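# Chains, contacts and geometry: an overview
Chain by chain, the residues:
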Amino acid sequence: MAQINPSILSADFARLAEEAEAVRGADWLHVDVMDNHFVPNLTLGVPVVESLARATDTPLDLHLMIEDPDRWAPQYVEAGAGSVTFHVEAAAAPVRLAREIRAKGARASMALKPGTPIEPYEDLLPELDMVLIMTVEPGFGGQAFLDIMLPKIRRTRELIAKYDLDLWLQVDGGVAASTIERCAEAGADVFVAGSAVYGAEDPAEAVRALRAQAERATAGASWACRH
Ligand code: DX5
Ligand code: ZN
């Protein structure tokens, strides 16, 4: 089942509760935390996440694009996140961190920048609930989808099948009506979409349309038929 996670990076930050309401029916709200060090942009932190978690019933999918996630990620679980993604490039002890996130009660997820391969992290996969394959360089919404990431999505899906893991595979960056089918066919099942949802006239309808498109593409995908 395809999940669509609108990214509030493309929403109006002065009206976050209303913007969450505007995508009612979305599976998760994707919240991009940037610290101006790991990526050249700055967004929001723990207090905003705490308020947003109180303001919406939609679970929060935190994407931490920050240095020292080992220190900060647990605080985002306490702030009310249902899923916390750290970048493996920034984590000092990814296994310990994933275990801590899970122990505190959230789903643990690892993100890979476009230049980071999945293979060195194969042994970590059983410790995780989700892997995020970035399909743009992290830092900004509205960038063009990197087709060159499709083989990495495919190889990650093969690893999930190899170990028979219950692991979600998320893509983030440039996901839109024109690219979501390629992602689904390659093996993604969780789709972050910022500008494609909040740039639409009816964001909730955009979520439904993207989900339907992804589900059609998944139904015909070889990786999904194997199960
Ligand atoms: C980029 C963020 C994304 C961003 C995606 O670094 O991680 O979540 O909001 O925006 P779009 O869907 O517009 O590429
Ligand atoms: Zn993101």
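Note that this is a predicted model, so its numbers are computed, not measured.

## Examining the UniProt feature "binding site: substrate" (unreviewed entry) in the protein chain
Feature annotation in UniProt places "binding site: substrate" (unreviewed entry) on Ser7, His63, Gly139, Phe140, Gly141, Gly142, Asp172, Gly173, Gly174, Gly194 and Ser195, given in this structure's numbering. With respect to the helices and strands, the residue Ser7 is situated in the loop between strand E1 (3-6) and helix H1 (16-21). With residues up to four places along the chain from it excluded, the contact list for Ser7 reads His30, Asp32, Val192, Ala193, Gly194 and Tyr198. Mapped onto the elements, Asp172 comes out in strand E7 (residues 168-172). Apart from residues no more than four positions distant in its own chain, Asp172 is found in contact with His30, Asp32, His63, Leu132, Ile133, Met134, Thr135, Val136 and Val192.

## Re the UniProt feature "active site" (unreviewed entry) in the protein chain
Per the UniProt annotation, the sites labelled "active site" (unreviewed entry) are Asp32 and Asp172. Across 141 residues of sequence, these annotated residues stay compact in space, with a maximum C-alpha separation of 10.6 Å. Structurally, Asp32 is set in strand E2 (residues 29-34). Apart from the residues within four sequence positions on either side, Asp32 is in contact with Ser7, Leu9, Thr43, Leu44, His63, Met65 and Asp172. Side chain to side chain, Asp32 and His30 meet in a polar contact 2.9 Å long.

## Examining the coordination of the zinc ion (ligand 2)
Binding of the zinc ion (ligand 2) to the protein goes through His30 (NE2), Asp32 (OD), His63 (ND1) and Asp172 (OD), at separations of 2.1 to 2.3 Å. Its six donor atoms give the zinc ion (ligand 2) angles of 72 to 172° at the centre, a pattern that matches the octahedral case. If you list the donors of the zinc ion (ligand 2) from N- to C-terminus, the spacing comes out as H-x1-D-x30-H-x108-D. Pair noted here: Asp32 is in strand E2 and Asp172 is in strand E7, with a separation of 140 residues, a long-range link. One exposure class covers both Asp32 and Asp172, and it is buried.

What counts, and where the lines are drawn
- Residues numbered from 1 in each chain as written.
- Chains lettered and ligands numbered in written order.
- Predicted model: local features only at pLDDT ≥ 70, side-chain atom pairs only at ≥ 80, totals over all residues.
- Heavy atoms only, no water.
- UniProt positions renumbered as here; feature names shortened; annotations may be inferred.
- Helix = DSSP H or I, 4+ residues; strand = E, 2+ residues; numbered from the N terminus.
- Contact = heavy atoms within 4.5 Å.
- Polar contact = N/O pair within 3.5 Å; in protein donor to acceptor, adjacent residues only side chain to side chain.
- Donors = N, O, S within 2.8 Å, 3.2 Å for Na, K, Ca; no water.
- Tetrahedral: all angles 85-135°; square planar, octahedral: opposite > 155°, others 65-115°.
- Buried < 20%, exposed > 50% of the residue type's maximum accessible area, 1.4 Å probe, protein only.

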